[in-house]
Amino acid sequence: MGNCCSDEAGGRAAVGGTGTASAGHTTTANDAIDYYLKSRGFRGMFFQIELSFSATNLRDRDVLSKSDPMVVVYTKGRDEPPTEVFRTEVVLNSLNPTWITKYSITFQFEVVQTLQFHVYDVDTQFHNVDVKMLKLDEQQFLGEASCVLSEIVTRPNRTLTLDLVHKDSTISSQPRCGQLVVHAEECISSKTTTQMTLRCSDLEHKDLFSRINPFLVISKTVESGMPIPVCKTEVLKNDHSPVWKPVFLNIQQVGSKDSPLVIECYNFNSSGKHDLIGEVRKSLADLEKLCSTGAGQNLFLQTAVGHDHSKALKSQLFVDNFSESIQYTFLDYLKGGCELNFMVAIDFTASNGNPRLPDSLHYIDPSGRPNAYQQAILEVGEVLQFYDSDKRFPAWGFGARPIDGPVSHCFNLSGSTNHCEVEGIQGIMTSYTSALFNVSLAGPTLFGPVISNAAHIAGQSIANGGKKYFVLLIITDGVVTDLQETKDAIVKASDLPLSILIVGVGGADFKEMEILDADKGERLESSTGRVASRDIVQFVPFRSIQSQQISVVQALLAELPTQFLTYMRSRNIQPNI
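Here the structure is a predicted model, which is why all the values come from computation and not from measurement.

Peer 1: When you look at the nonpolar core in this model, what are you seeing that I'm missing?
Peer 2: Within soluble globular proteins, side chains that are nonpolar tend to cluster in buried spots. With 82 residues, the main nonpolar core has Leu51, Phe53, Phe117 and Phe348 as its most contacted residues. Residue contributions to this core peak at seven residues, all from helix H6 (residues 372–384). Both domain 1 (47–189) and domain 3 (330–571) contribute no fewer than three residues apiece to this core. If you look at the next biggest cluster of nonpolar residues, it comprises 31 residues, including Phe510, Leu516, Ile536 and Val537.

Peer 1: In this structure, what is going on with the sheet that holds strand E8 (residues 159–163)? I would like to understand it.
Peer 2: In a beta sheet, neighbouring strands pair by backbone hydrogen bonds and run either parallel or antiparallel. A sheet is described by the order of its strands in space; here four strands give the open sequence E5-E2-E9-E8, paired in antiparallel fashion. Every interior strand has two partners, whereas the edge strands, strand E5 (103–107) and E8, have only one. Here the average twist between neighbouring strands, direction ignored, is 30°. By the bridge criterion, eight bridges tie strand E2 (residues 47–56) to strand E9 (residues 179–186) in an arrangement that is antiparallel. The partner of Ala55 across the bridge, within E9, is Leu180.

Peer 1: How should the environment of Thr194 be read in this particular structure?
Peer 2: With respect to the helices, strands and loops of the structure, Thr194 is situated in strand E10 (residues 192–201). Sequence-wise, Thr194 and Phe248 are 54 residues apart; in three dimensions their C-alpha atoms are separated by 5.6 Å. Among all residues touching Thr194, those that are not within four sequence positions of it are Val247, Phe248, Leu249, Ile251, Leu284, Phe322, Ser323 and Glu324.

Peer 1: What should I look at first to understand the pattern of salt bridges in this one?
Peer 2: Where charged atoms from two side chains of opposite charge come close, those side chains can pair. Inspection of every chain in the model, using the stated rule, returns 13 salt bridges. Between Glu288 and Lys257 there is a salt bridge, with its nearest N and O atoms 2.7 Å apart. Within this pair, whereas Glu288 is found in helix H4 (residues 284–293), its partner Lys257 is found in the loop between helix H3 (251–254) and strand E14 (260–267), the two being separated by 31 residues in sequence. Its relative accessible area of 32% is what places Glu288 among the partly exposed residues.

Peer 1: Any chance you could explain the pairing of strand E19 (residues 392–398) here in plain terms?
Peer 2: Remember that side chains alternate between the two faces of the sheet whenever the strand is regular. Extensive coverage of E19 is indicated by the burial of six of its seven residues. In this sheet, E19 lies alongside strand E18 (residues 339–347) in parallel orientation, the contact comprising four bridges. Looking at the pairing, Ala345 lines up with Trp396 of E19. Of the crossover connections in this fold, the one passing from E18 over H6 to the parallel E19 is right-handed. With three bridges joining them, E19 and strand E22 (residues 421–423) adopt antiparallel strand pairing.

Peer 1: Help me out: how do you make sense of the pairing of strand E17 (residues 310–326) in this one?
Peer 2: As judged from the 10 bridges shared by E10 and E17, these two strands associate in the antiparallel manner. When the bridges of E17 are listed, Thr194 appears paired with Glu324. In this sheet, E17 lies alongside strand E16 (residues 297–302) in antiparallel orientation, the contact comprising five bridges. Each bridged residue has a counterpart across the sheet, and for Gln297 the counterpart in E17 is Leu317.

Peer 1: Mind showing me how you'd approach the side chain of Thr197 here?
Peer 2: Here Thr197 lies in strand E10. Residue classification places Thr197 among the buried positions, given a relative accessible area of 11%. Not counting residues within four places of it along the chain, the set of residues in contact with Thr197 comprises Val243, Trp244, Pro246, Phe318, Val319, Asp320 and Asn321.

Procedures and definitions
- Residues numbered from 1 in each chain as written.
- Predicted model: local features only at pLDDT ≥ 70, side-chain atom pairs only at ≥ 80, totals over all residues.
- Heavy atoms only, no water.
- Core = buried A, V, L, I, M, F, W, Y, C linked by side-chain atoms within 4.5 Å.
- Buried < 20%, exposed > 50% of the residue type's maximum accessible area, 1.4 Å probe, protein only.
- Helix = DSSP H or I, 4+ residues; strand = E, 2+ residues; numbered from the N terminus.
- Domains from an automatic or database assignment.
- Pairing = 2+ DSSP bridges.
- Axes fitted to C-alpha atoms, helices over the stretch in contact; angles between N-to-C directions.
- Contact = heavy atoms within 4.5 Å.
- Salt bridge = Lys/Arg side-chain N within 4 Å of Asp/Glu carboxyl O.
- Right-handed = clockwise from strand over helix to strand, strands pointing away.

Written as structure tokens, this is what we have:
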């Protein structure tokens, strides 16, 4: 949804997260409306990137002149062959070219986006041919390189230098093939964001005896005339004159302040078929005028399908507040040197089964096929590792009894009593396998100690002036036993630069776990009555993700940039750019 957000939780804020709604009503509203919006093109946070290219010390394959180089870009999905997506222009007679044509790509935080770059020397006889028509097997290959898009955008200057190599092993022993320099720029013309408080008066409904549970959907209009949702409000229960929480819209996302918007007011229906109460078509500039004059705008309702006939309703839309501010993006913070630090905690309770038996969730398959724990570590880790410069990750286990010791609910996977960090994702995997044969599985399932440990590290980082945000992955096979203690720890941690990702593996009933994820209801409340300052938990059952053929990474990490920005903005932390 770009840089659009509703309330503090940003563009993916839960519909129905108001204090007046019951938890059951909120859950139903969230699920139904999310499905409804996705069917209409609603998307998560994304960033448009432009890549530019230059090279140094390319190999000279021409006899009477220097090489005439061109870059070809490929994308590569997991277990898929490379797909060509872009070609630069040809730079004549240069071993140190700078290409003008840029490649535009959508950066998705939750996906590992592998790029391959091939550099060719275009033969003189083809200089007048459109580069798209060139046959690559007729050109001289100069070298290739590859990287992940995350490696580029996490560099402070968003510039990555790659050594070019030759795919022909007989030539690879020759002198270097030169270097390719890839630079990324975020395609954003404006960081200006508008904040609006919207309300309606005298909402009408065709059924006079039914309740109105209204919510708004704000859409932009594309060239075809079809509205594309860009923002939503929460559902307000049984309210004929609703006042919604503030919504935020990035001006670039909707085009400009003069671009037409469609503001639709719906009555929530648990079936997902929401009734349109009425709509208003106004630009941001128009809405700003409504705010300054205090005037209302009547809602309209189309009276004949396929025709432009509509009637004005007595219901009106008001803009109580309208303000503009500069909102830095997730990529701005990365450019300013902010890092995401990965941490992992693994469930070693006895309910996982004997690790030496094939039916155990902890079974290490001799064929090398990863179990659910290993798969979750690999998939989440391979995304987050690029945002952590030293790649040293705290790794803990819980619910096991070390040799000749009591049950521990937070022990270092490394086996060290003093150091919780391991080297890289492979270090986590090795320590996990080793721990399986050095502890006895026990119980119960307690999250409080590992969350408190992660929160302590995040708190120390703040005290030391660090520019870090921490991500704790908890992998578990059962429902948490210390639910209230876990809530208390999460509420306390909500004030820290920390997000918690929980993966449920195995066949347990994880419905109670969804309570910890504020997307499914109201924000968590501690035993003392304190409410979490923001949503920091994302929970997903691993089996449901597998059955839907959706990457567990995408389901878990989709909200992370928004949670990161919510923390930074709520504390007025600006990037060093």
